[in-house]
Amino acid sequence: MQKNEGSAPSRHDLLVVGSANADLVVGVDRRPGPGETVLGSDLVVHPGGKGANQAVAAARLGARTALLARVGDDAHGRLLRASQQDAGVDTDGVLVGGAPTGVALITVDPSGDNSIVVSPGANARLTPEDIRAAGPLFASARVVSVQLEIPLDTVTETARSLAPGTRLVLNPSPPAPLPDEVLAACDPLVVNEHEARFILGEGAGSTPESWARGLTALGPRSVVITLGADGALVSDTRGGEPVRVPSPRVDAVDTTGAGDAFTAALAWRLGLGEELTEAARFAVRVGAAAVTKEGAQASFPTAEEVSAL
């Protein structure tokens, strides 16, 4: 990472720009068909959303983290802000109002299969104007991480608002076509197999190495492809061949949120000045630790838990 010689020290290792949702989960014996009503378990509400997840994951590792997001002036919004504050995240950038807090309505059957309906709510009201108004937050961060659960024009404005020397980490989830200027700012673009194939379309190839070559040709400065239990593949346009980074073997209990934990850890370590491959080696350990516990934010490890893996 390029450092700004003579500049003031950064106040944050990581600024996360993204979504904050309340996950409303009900267990069912079977999911209902059209026009059918079924009884379910007691409702459980968890803090979620890819932006909120990443911020909590990074803070739990010890990163000085800030979140720029929007929630509603309601109980779900208060839950989400409290979960961030409990993890040590700077919530000065969490805006309130404009719409109800985003929610994910989730039904889970005994096999673990789920059906999810997402109401973006306030996430859809995080605007480019909100990004421009957050100039001090952008100036304070070494790395900015963003996802696609907020409007695409807001993601584009995020890429335009980077301070000199600040690095952009983008996870295009849920996948969508990306403007060239956003791709060009990514360092790295972080994708899984599904997201890589979506972006590349026909002719994507069948190996992570072929996906990496195709993605780097689109303009990002570097690419990281997550491979689940197989770890990750790192490709840096600054030179060298793609590098496989293996994951430690663990007994997976729940993969929910593991990708968010990986990306948060990667972004934090890049903010500390580590090289991309070195940062990915740490991130795969964080992702592996996260799958050994149930839930998303509840599963995110501390630095001590990662060291003990």
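As a reminder, the structure under discussion sits directly above these lines.
Since this is a predicted model, take the numbers as computed values, not measurements.

Parameters and conventions
- Residues numbered from 1 in each chain as written.
- Predicted model: local features only at pLDDT ≥ 70, side-chain atom pairs only at ≥ 80, totals over all residues.
- Heavy atoms only, no water.
- Helix = DSSP H or I, 4+ residues; strand = E, 2+ residues; numbered from the N terminus.
- Rg over C-alpha atoms; globule rule 2.2 N^0.38 Å.
- Buried < 20%, exposed > 50% of the residue type's maximum accessible area, 1.4 Å probe, protein only.
- Areas by Shrake-Rupley, 256 points an atom, 1.4 Å probe, with all protein chains shown as cover.
- Pairing = 2+ DSSP bridges.
- Axes fitted to C-alpha atoms, helices over the stretch in contact; angles between N-to-C directions.
- Contact = heavy atoms within 4.5 Å.
- Phe/Tyr/Trp six-rings, centres within 6.5 Å; stacked < 30°, edge-to-face > 60°.
- Lys NZ or Arg CZ within 6 Å of the ring centre and 35° of its normal.
- Expected span 1.5 Å × (residues − 1).
- Patch = residues over 30% accessible without salt bridge, like charges linked within 9 Å, V, L, I, M, F, W, Y side chains within 5 Å.
- Salt bridge = Lys/Arg side-chain N within 4 Å of Asp/Glu carboxyl O.
- Core = buried A, V, L, I, M, F, W, Y, C linked by side-chain atoms within 4.5 Å.

1. Concerning the overall build of the protein chain
Phase 1 of the analysis: Across its full length, the protein chain carries eleven helices and 13 strands.
Phase 2 of the analysis: Against the globule reference of 19 Å for 309 residues, the protein chain gives a C-alpha radius of gyration of 19 Å, in line with a compact fold.
Phase 3 of the analysis: Its C-alpha atoms give the protein chain principal-axis dimensions of about 60 × 45 × 40 Å.
Phase 4 of the analysis: Residues classed as buried in the protein chain amount to 52% of the 309 residues present.
Phase 5 of the analysis: Here the protein chain has roughly 13,600 Å² of accessible surface; of this, 51% comes from carbon and sulfur atoms.

2. As for the sheet that holds strand E2 (residues 21-27)
Phase 1 of the analysis: Spatially, four strands are ordered E3-E2-E6-E7 in an open sheet, and the strand pairing comes out mixed. Among the strands making up the open sheet, the edge pair consists of strand E3 (44-48) and strand E7 (114-119). On average, each strand axis in the sheet is tilted by 20° relative to the strand beside it, whichever way the strands run.
Phase 2 of the analysis: In this structure, strand E6 (residues 102-108) lies alongside E7, joined through six bridges in antiparallel fashion. By the bridge assignment, Ile106 is partnered in E7 with Ile116.
Phase 3 of the analysis: Sheet strands touched by helix H2 (residues 75-87): E2, E3 and E6. Its angle to E3, the strand with the most contacts, is close to 55°.

3. A look at the packing of aromatic side chains
Phase 1 of the analysis: For the structure on display, the rule yields one aromatic pair.
Phase 2 of the analysis: On the basis of an interplanar angle of 70° and a centroid distance of 5.9 Å, the ring pair of Trp268 and Phe282 is categorised as edge-to-face. Linking Trp268 in helix H9 (residues 258-271) with Phe282 in helix H10 (residues 276-290), this pair joins segments that are 14 residues apart in sequence. Comparing Trp268 with Phe282 shows no difference in burial state: the two are buried.
Phase 3 of the analysis: A cation sits over an aromatic face here: Arg269 above Trp268, 5.2 Å from the ring centre.

4. Details of the sheet that holds strand E11 (residues 222-226)
Phase 1 of the analysis: Spatially, the nine strands line up as an open sheet ordered E5-E4-E1-E8-E9-E10-E11-E12-E13, and their pairing is mixed. Edge positions in the sheet fall to strand E5 (94-96) and strand E13 (243-245), since each has one partner strand and no second. If you compare each strand with its neighbour and ignore which way they point, the axes differ by 20° on average.
Phase 2 of the analysis: As paired elements, strand E9 (residues 167-171) and strand E10 (residues 186-191) share two bridges and run parallel to each other.

5. Some remarks on H9
Phase 1 of the analysis: Helix length check: H9 (14 residues) gives 20 Å between terminal C-alpha atoms against 20 Å at 1.5 Å per residue, within 8%.
Phase 2 of the analysis: Within H9, 13 of the 14 residues are buried, which leaves the element mostly enclosed by the surrounding structure.
Phase 3 of the analysis: One or two positions beyond H9, positive phi appears at Gly273, with a value near 100°.

6. Describing a nonpolar patch on the surface
Phase 1 of the analysis: Taken together, the side chains of Leu43, Val45 and Leu79 present a nonpolar region at the surface, about 220 Å² in accessible area.
Phase 2 of the analysis: In this fold, Leu79 is placed in helix H2.

7. Considering the nonpolar core
Phase 1 of the analysis: Core analysis: the biggest nonpolar cluster contains 43 residues, and Val224, Phe262 and Leu266 have the highest contact counts within it.
Phase 2 of the analysis: When contributions to this core are tallied by element, the ones reaching two or more residues are strand E1 (12-17), helix H1 (50-61), strand E4 (65-71), H2, strand E12 (232-236), H9 and H10.
Phase 3 of the analysis: The contacts of Val224, once residues within four sequence positions are left out, are Pro188, Leu189, Val190, Val191, Ala232, Leu233, Val234, Phe262, Leu266 and Leu276.
Phase 4 of the analysis: The next biggest cluster of nonpolar side chains, apart from the first, holds 35 residues, and it includes Ala66, Leu170, Ala185 and Val223.

8. Remarks on the pattern of salt bridges
Phase 1 of the analysis: Under the defined criterion, the tally for this structure stands at 17 salt bridges.
Phase 2 of the analysis: Between Arg64 and Asp13 there is a salt bridge whose closest N-O contact spans 3.0 Å. Here Asp13 lies in strand E1 and Arg64 lies in the loop between H1 and E4, a separation of 51 residues in the sequence.
Phase 3 of the analysis: Between Asp230 and Arg249 there is a salt bridge, with the nearest N and O atoms lying 3.5 Å from each other. One end of the pair, Asp230, is in the loop between E11 and E12; the other, Arg249, is in the loop between E13 and H9, and 19 residues separate them in sequence.
Phase 4 of the analysis: By relative accessible area, which is 48% here, Asp230 ends up partly exposed.
Phase 5 of the analysis: Here the residues in one salt-bridge network are Glu129, Arg132, Glu157, Arg160 and Glu181, joined through shared partners.

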